[in-house]
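Residues per chain, in single letters:
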Amino acid sequence: MMKDYRTGNGYDVHALKNGLKMWLCGIQIPCEMGFVAHSDGDVAIHALCDALLGAAALGDIGYHFPDSDPRFKGIDSKRLLAEVVRLIGEKGYQVGNADVTIALQAPKLRPHIDTMRKTLAEVMGVEIDRVSVKATTTERLGFVGRGEGCEVWASASIFKEL
């Protein structure tokens, strides 16, 4: 049987601010700083949503969940990801895999990577070995290196039987 494979990529950035919660890949990271955002600020899930939406040619996260809509104020981004998976499912697609790279100077994310992968896999309804999460710093360069924000790149593949 033939399959229709597609790939998308996503990118998102959020500023950091003292006193806010830091959510990444659906889990709260212990930290004194968190992300400035209309939703819970989970920059990693936002980039992943854009990758999945892009693969299905369904626009971007801002189109589906505009920050001007009060329904999305403070929303758990796992709900947004679940809705994106539902939207691509309406077009007959399933998640193939996801790869997320987080650039953040601090805190160190390695202790949280396995939980992040598990959380994303559960929300997307896939096996954990279909989800990769990587973290890096920018060696103190740029806005990420100065601790002003975080940027995330995500790639995702989707497929359907023809």
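Above this note sits the structure.
Residues numbered from 1 in each chain as written. Predicted model: local features only at pLDDT ≥ 70, side-chain atom pairs only at ≥ 80, totals over all residues. Heavy atoms only, no water.

Among the surface-exposed residues, Tyr11, Val13 and Trp153 lie close enough to one another that they form a single nonpolar patch of about 270 Å² accessible area. Secondary-structure assignment places Val13 in strand 1 (residues 3–18). Judged by relative accessible area, Val13 falls into the partly exposed class, the value being 33%. (Patch = residues over 30% accessible without salt bridge, like charges linked within 9 Å, V, L, I, M, F, W, Y side chains within 5 Å. Areas by Shrake-Rupley, 256 points an atom, 1.4 Å probe, with all protein chains shown as cover. Salt bridge = Lys/Arg side-chain N within 4 Å of Asp/Glu carboxyl O. Helix = DSSP H or I, 4+ residues; strand = E, 2+ residues; numbered from the N terminus. Buried < 20%, exposed > 50% of the residue type's maximum accessible area, 1.4 Å probe, protein only.)

The subject of this paragraph is the pattern of salt bridges. Scanning the model with the defined rule gives 11 salt bridges in all. Across the pair Glu161 and Lys3 runs a salt bridge, and its minimum N-O distance is 3.6 Å. With Glu161 in strand 7 (residues 149–161) and Lys3 in strand 1, the pair connects residues that are 158 residues apart, well separated along the chain. Using a relative accessible area of 33% as the deciding quantity, one classes Lys3 as partly exposed. Across the pair Arg86 and Glu83 runs a salt bridge, and its minimum N-O distance is 2.6 Å. Linking Arg86 with Glu83, this pair stays in helix 3 (residues 77–90), spanning 3 residues, or about one helical turn. With relative accessibility at 40%, the residue Arg86 sits in the partly exposed group.

The end-to-end C-alpha separation of helix 3 is 20 Å, in line with the 20 Å expected for 14 residues at 1.5 Å each. Those residues of helix 3 that sit buried are Ser77, Leu80, Leu81, Val84, Val85, Leu87 and Ile88. Seen end-on, helix 3 carries its buried residues on one side only, within an arc spanning 160°. In helix 3, those exposed residues whose orientation departs by more than 90 degrees from the buried face are Arg79 and Glu90. Here the buried face of helix 3 lies against helix 1 (43–55), helix 2 (61–64), strand 5 (94–103), helix 4 (113–124) and strand 7. Put simply, Asp76 is the residue that caps the front of helix 3, since its side-chain oxygen is 2.8 Å from the backbone nitrogen of Lys78. Looking one or two residues beyond helix 3, the residue adopting positive phi is Gly92, at roughly 90°. (Expected span 1.5 Å × (residues − 1). Arc of directions from axis to C-beta. Contact = heavy atoms within 4.5 Å. Polar contact = N/O pair within 3.5 Å; in protein donor to acceptor, adjacent residues only side chain to side chain.)

This part covers the pairing of strand 6 (residues 131–136). In this structure, strand 5 lies alongside strand 6, joined through 6 bridges in parallel fashion. Within strand 6, the position partnered with Val100 by the bridge is Val133. Following the backbone out of strand 5, through helix 4 and into the adjacent parallel strand 6, one traces a crossover that is right-handed. (Pairing = 2+ DSSP bridges. Right-handed = clockwise from strand over helix to strand, strands pointing away.)

In this section: the sheet that holds strand 7. Strands sit in the order 4-1-7-5-6 across an open sheet of 5 strands; the sheet is mixed. Looking at strand neighbours, the two that pair on one side only are strand 4 (33–35) and strand 6, the edges of this open sheet. Taking each pair of neighbouring strands and ignoring which way they run, the sheet shows an average axis angle of 20°. Lying on the sheet, helix 4 is in contact with strand 5 and strand 6; it crosses strand 6 at an angle near 145°. (Axes fitted to C-alpha atoms, helices over the stretch in contact; angles between N-to-C directions.)

The next thing to look at is the pairing of strand 1. Relative to strand 7, strand 1 runs antiparallel, the two being bridged by 13 bridges. Following the sheet pairing, Tyr5 is matched in strand 7 by Phe159. Of the pairings in the sheet, the one linking strand 1 to strand 4 comprises 3 bridges and is antiparallel in character. The residue bridging Asn18 from the neighbouring strand is Met33, located in strand 4.

So, about the packing of helix 1 against helix 3. In contact at an axis separation of 10 Å, helix 1 and helix 3 are set at 5° when each is read in the N-to-C sense. Between helix 1 and helix 3, the angle falls in the class roughly parallel. Residue-level contacts link Ile45, His46, Leu48, Cys49, Leu52 and Leu53 of helix 1 to Ser77, Lys78, Leu80, Leu81, Val84, Val85, Leu87 and Ile88 of helix 3. Grouping the constituent residues of the contact of helix 1 with helix 3 by class yields 11 nonpolar, 2 polar and 1 charged. (Parallel < 35°, antiparallel > 145°, perpendicular 65-115°, else oblique. Nonpolar A, V, L, I, M, F, W, Y, C, P; charged D, E, K, R; others polar.)

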